[in-house]
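# Chains, contacts and geometry: an overview
Chain residues, written in single-letter form:
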Amino acid sequence: MNVKVVAFDADDTLFINEPYFEETEKKFCGLMEAYLSHQGLSQELFKVQISNLPLYGYGIKGYVLSMIETAIKVSKGTVSIKCIEKITELGKELIQKPIVLLEGVEETLKALHGKYKLIVATKGDLKDQQRKLHDSGLGHYFHHIEVMADKQEPNYQKLLNRLDIEPQEFFMVGNSLRSDVLPVLEIGGFACHIPYHTTWAHEMIDHNVEHENFRELTKITDLIPILS
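This structure is a prediction, so every number in the text was calculated from the model and none was measured. (Residues numbered from 1 in each chain as written. Predicted model: local features only at pLDDT ≥ 70, side-chain atom pairs only at ≥ 80, totals over all residues. Heavy atoms only, no water.)

## Digging into the overall build of the protein chain
Threshold: Helix and strand assignments follow DSSP, with helices taken as H or I runs no shorter than four residues and strands as E runs no shorter than two, numbered in order from the N terminus. Radius of gyration means the value over C-alpha atoms here, while the globule rule gives 2.2 Å times the residue count to the 0.38 power. Burial here depends on accessible area, computed with a 1.4 Å probe over protein chains only, as a share of the maximum for the residue type. Under 20% is buried, over 50% is exposed, and the range in between is partly exposed. Whether two residues are in contact is decided by their heavy atoms: any pair within 4.5 Å suffices. Residue burial considers only the protein chains on display, and all accessible areas are found by Shrake-Rupley using a 1.4 Å probe. The sign given to each residue is positive for Lys and Arg and negative for Asp and Glu; His and the chain ends receive no count. One atom stands in for each charge, and that atom is NZ of Lys, CZ of Arg, CG of Asp or CD of Glu.
Broken down by element type, the protein chain carries nine helices and six strands. The C-alpha atoms of the protein chain give a radius of gyration of 19 Å, which matches the 17 Å a tight globule of 228 residues would have. Residues classed as buried in the protein chain amount to 51% of the 228 residues present. When contacts within the protein chain are restricted to residue pairs at least 6 apart in sequence, those whose partners lie at least 24 apart make up 70%. Approximately 11,500 Å² of the protein chain is accessible, and the part contributed by carbon and sulfur atoms is 51%. Measuring between centres, the 24 positive side-chain charges of the protein chain sit 5 Å from its 33 negative side-chain charges.

What follows is the structure, encoded as structure tokens:
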């Protein structure tokens, strides 16, 4: 490998994220359980989220709007203002969740820092992701932070163009096969998958990945011998 840039996804790669959304979803289902079962509410919320991605993109703000829309939909417009207020409060709570680093993250960044140009390449709301990186205390390890509208081949190609590197000089690390691995392999880069114990359904794929540029690791510190 002739890697120059190592990029890290943020949520559930560097620090905890999805469990906070799952906790919020349970609270939302509890608020709305008079209208539909928890399973039914989860399914409706997921449908609304996916349909809203082209409008709102990824992140907490779009999630809150999707919860409100789902509440109106399943209640057939009868949901109370008080309930809507509680949903917005759930969103504010979600934004203020503590930043908890995953095990081995700082050890890995310390080992790679100075050997490669380290960057963050993540999706979500720009302000929220900047806040999380700031609060994580990891910002000084990274040369560049890229909050992407999506993680598809054109998005990665634009990133490489801005970094002025070739695909074979790029190594992406993340917990999503759909977003962090497949698009990078398609453009000729290297990609590493580090599974997290819980993953949003939208990020899952139903087939194995077999590619010479692909690595599957069990923990982030396994990067150190690969890239040292």
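Next comes the rest of the account.
## Quick notes on the pattern of salt bridges
Selection criterion: Each salt bridge in this description consists of a side-chain nitrogen of Lys or Arg and a carboxyl oxygen of Asp or Glu lying within 4 Å of one another.
Counted under the stated rule, the structure contains 16 salt bridges. The partner of Lys-27 in a salt bridge is Glu-93, with the nearest N and O atoms 3.5 Å apart. Here Glu-93 lies in helix α4 (residues 81–95) and Lys-27 lies in helix α1 (residues 18–31), a separation of 66 residues in the sequence. With a relative accessible area of 37%, Glu-93 lands in the partly exposed category. Among the ionic pairs, Arg-131 bridges to Asp-135, the shortest N-O distance being 3.5 Å. Of this pair, Arg-131 and Asp-135 both sit in helix α6 (residues 126–136), four residues apart, which is roughly one turn of that helix.

## Things to note about unusual backbone geometry
With a phi angle near 65 degrees, Asp-12 is a residue other than glycine that sits in the positive phi range. When you line up the elements, Asp-12 lands in the loop between β1 (5–8) and α1. Phi angles above zero are rare outside glycine, and Asp-164 is one such case at about 60 degrees. The topology assignment puts Asp-164 in the loop between α7 (153–163) and β4 (170–174). For Asp-164, a relative accessible area of 70% translates into the label exposed.

## Describing the pairing of strand β2 (residues 117–123)
Sheet faces and side chains relate simply in a regular strand, where the side chains alternate between the two faces. Threshold: A strand pair is defined by DSSP finding two or more bridges across the two strands. Handedness rule for crossovers: strands pointing away from the viewer, path from the first strand over the helix to the second running clockwise, crossover right-handed.
Where burial is concerned, most of β2 is hidden: six out of the seven residues are buried. Relative to strand β3 (residues 144–148), β2 is paired through five bridges, and the arrangement is parallel. Directly across from Lys-123, in β3, lies its bridge partner Met-148. As a crossover connection, the stretch from β2 through α6 into β3 is right-handed.

## Things to note about the packing of α1 against helix α2 (residues 38–56)
Put simply, the test is: Axis definition: a line fit to C-alpha positions, over the contact stretch in the case of helices; interaxial angles, taken between N-to-C directions, run 0 to 180 degrees. Handedness of a crossing follows from how the near helix is turned relative to the far one, being left-handed for an anticlockwise turn of less than a right angle and right-handed for a clockwise one. Each residue is assigned to one class: nonpolar for Ala, Val, Leu, Ile, Met, Phe, Trp, Tyr, Cys and Pro, charged for Asp, Glu, Lys and Arg, and polar for all the others, Gly among them.
Packing of α1 against α2 brings their axes to within 9 Å, and their N-to-C directions diverge by 115 degrees. Note on packing geometry: the crossing formed by α1 with α2 is right-handed. Every residue of α2 that contacts α1 at Glu-25, Lys-26, Phe-28, Cys-29 and Gly-30 is listed here: His-38, Leu-41, Ser-42 and Leu-45. Residue classes in the contact of α1 with α2 are distributed as four nonpolar, three polar and two charged.

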